[in-house]
Amino acid sequence: MIKLEHVRKDYKNFTLDCSLEVKPGCVTGLIGQNGAGKSTTFKSILGLIRIDGGTVEILGKDVKHFSTEDRQQLGVVLSDSGFSAYLTAGDLIPVLDSLYDKFDKAFFLAQAEKFHLPLDKKIKEFSTGMKAKLKVLTAISHEAKLLILDEPTAGLDVVARDELLDMLREYMEQEESRSILISSHISSDLETLCDDLYMIHEGKIILHEDTDVLLSDYALLKVDEKQYESLDKQYLLRVRKESYGYSCLTSQKQFYLDNYPQVAVEKGNIDELITMFIRGKEV
């Protein structure tokens, strides 16, 4: 659905060099700190900025040759875009109907009611969560094959984030060939949604892994100085000095459970793994 090969964009103090792939029927997450390159990657995919190298394919076609008809197959939410604050949600219906051949007005109305989005209220009066849900609703209301969502959950409370993620799960359930590329710095949002995750740091992909593998096989070892000296380090990815000794990131949790029963092995969440990849040192 999406394939990036060494896509490069050079700025004065930042360079993007990114390769990733989104497969049919999959939800792929792009995670990383603010400023890591997520939005630059999305704008490169959509042809909103001129890239300095590499190739971008969407739905098997070079983005340079993407037509207006091709773009009807995409649903897009960008972190720094939105609708005029003086429109109502109802005002968007004729706009979307004229833009998209397959706009489903009945679906839009039903979802707006389900997620408590009033049609007659100006968008400037919407809460942050309501605005986010409206942006996602417009992206999924024209039978798009592929969603490209940049930080759609940013700034939302727990309830609003959960409702928005429910919209995306329902979108995927309706058609098994659909795909989503979604970015977030709130990594816990993506643990139950994504099939695989790419981690980006300073413009480069530093990790790609199936989400299930990341959550089941990766772990943090908490060891003192003596334990660290005797530890088999061949399966350690990153090490960080702590007050008690060392925190060690591994992708082979079971090896250390089997061979070092005296070592504390903790299942790390994705945020902790990001911290270790970025702040830890290679062994």
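Sequence order as written defines the numbering, with residues in each chain counted from 1. Restriction of local features to residues with pLDDT of at least 70 applies here, the model being predicted, together with a cutoff of 80 or more for giving and counting side-chain atom pairs; totals for whole chains, interfaces and linings are based on all residues. In computing side-chain values, all of the structure's heavy atoms are included and hydrogens and water are not.

Novice: Even after reading the chapter, I still don't get the sheet that holds strand E14 (residues 264-266), so can you show me in this structure?
Specialist: Consider a sheet: its strands pair through backbone hydrogen bonds, and that pairing is either parallel or antiparallel. Pairing within the open sheet is antiparallel, and its four strands lie in the order E12-E13-E11-E14. Here the strands that pair on one side only, and so sit at the sheet edges, are strand E12 (236-241) and E14. The mean inter-strand angle of the sheet, taken between neighbouring strand axes irrespective of direction, is 25°. Residue contacts are counted whenever heavy atoms from the two residues lie within 4.5 Å of one another. Whenever a helix is involved, its axis is fitted only over the stretch in contact; in every case the axis is a line through C-alpha atoms, and angles between N-to-C directions fall within 0 to 180 degrees. The secondary structure listing takes helices from DSSP runs of H or I that are at least 4 residues long and strands from runs of E that are at least 2 residues long, numbered from the N terminus. Each of strand E11 (219-223), E12 and strand E13 (246-250) is contacted by helix H11 (residues 270-279), which is oriented at about 80° to E12, the strand it contacts most. Each pair of strands is called paired provided DSSP finds at least two bridges between the two strands.

Novice: Looking at this structure, I do not really get the packing of aromatic side chains. What am I missing?
Specialist: Each pair of aromatic rings taken from Phe, Tyr and Trp, with Trp reduced to its six-membered ring, is defined by centres within 6.5 Å and is described as stacked if the planes are under 30 degrees apart, edge-to-face if over 60, and tilted in the remaining cases. By the definition in use, this model includes six aromatic pairs. Relative to Phe-255, the ring of Tyr-235 has its centre 4.8 Å away and its plane inclined at 70°; by these criteria the two rings are edge-to-face. Taken together, the residues Tyr-235 in the loop between helix H9 (225-230) and E12 and Phe-255 in helix H10 (residues 253-259) connect sequence positions 20 residues apart. The buried label goes to any residue with under 20% of its type's maximum accessible area, the exposed label to any with over 50%, and the partly exposed label to all in between, with areas taken from a 1.4 Å probe on protein chains only. When its relative accessible area of 29% is taken as the criterion, Tyr-235 is described as partly exposed. When the ring of Phe-255 is compared with that of Tyr-256, the centres are 4.9 Å apart and the planes differ by 90°; the resulting orientation is edge-to-face. Here Phe-255 falls in the partly exposed class, since its relative accessible area comes to 23%. Three or more aromatic residues link up through ring pairs in this structure, and these residues are Tyr-235, Phe-255, Tyr-256 and Tyr-260. Over a ring means this: the NZ of a Lys or the CZ of an Arg is within 6 Å of the ring centre and within 35 degrees of the ring normal. Against the face of Tyr-11 rests Lys-9, its NZ or CZ located 5.5 Å from the ring centre. Stacked on the ring of Tyr-246, the Lys or Arg Lys-241 has its end atom at 5.1 Å from the ring centre.

Novice: In this structure, what is going on with helix H1 (residues 38-45)? I would like to understand it.
Specialist: Every α-helix winds through 3.6 residues per turn, so residues three or four apart in the chain are directed the same way. Taking burial as the measure, the eight residues of H1 include six buried ones, the bulk of the element. Residue Gly-47 follows H1 closely and has a positive phi angle near 75°.

Novice: Looking at this structure, I do not really get the pattern of salt bridges. What am I missing?
Specialist: Side chains that carry opposite charge are capable of pairing whenever their charged atoms lie near each other. Any carboxyl oxygen of Asp or Glu that lies within 4 Å of a side-chain nitrogen of Lys or Arg is treated as forming a salt bridge with it. Following the criterion strictly, the structure yields nine salt bridges and no others. In this structure, Lys-222 and Glu-266 form a salt bridge, with 3.2 Å as the shortest nitrogen-oxygen distance. Pair noted here: Lys-222 is in strand E11 and Glu-266 is in strand E14, with a separation of 44 residues, a long-range link. Glu-225 is the salt-bridge partner of Lys-241, the closest N and O atoms lying 3.1 Å from each other. In this pair, Lys-241 is assigned in strand E12 and Glu-225 in helix H9, connecting sequence segments 16 residues apart. Note on Lys-241: relative accessible area 47%, which makes it partly exposed. Given the relative accessible area of 38%, Glu-225 is considered partly exposed.

Novice: Would you mind showing me how to read the pairing of E13 here?
Specialist: Within a regular strand, the side chains alternate between the two sheet faces. Burial analysis of E13 places five of its five residues in the buried class, which makes it a mostly covered element. Here E13 shows a buried face lined by Tyr-246, Cys-248 and Thr-250 and a second buried face lined by Ser-247 and Leu-249. Note: E11 against E13, five bridges, orientation antiparallel. Bridging across to E13, Leu-220 finds its partner in Leu-249. Count of turn residues in the E12/E13 antiparallel hairpin: four residues, of which Gly-245 carries a positive phi of about 150°.

Novice: Hey, could you run me through the side chain of Lys-253 in this one?
Specialist: Considering the arrangement of structural elements, one finds Lys-253 in helix H10. Buried charge Lys-253 goes without a salt bridge, the closest partner of opposite sign being Asp-217 at 6.3 Å. In contact with Lys-253, not counting residues within four places along its chain, are Ser-216, Asp-217, Tyr-218, Ala-219 and Val-265. Only four residue types enter the charge count, namely Lys and Arg as positive and Asp and Glu as negative; His and the chain termini do not.

Novice: Looking at this structure, I do not really get helix H3 (residues 92-99). What am I missing?
Specialist: Within H3, burial applies to Leu-92, Ile-93 and Leu-96. Angular distribution of buried residues about the axis of H3 spans 100°; they occupy a single face of the element. Exposed and facing more than 90 degrees away from the buried side of H3 are Pro-94 and Ser-98. Lining the buried residues of H3 we find helix H4 (105-114) and helix H5 (128-140). In this description, the arc belongs to the directions extending from the helix axis to the C-beta atoms.

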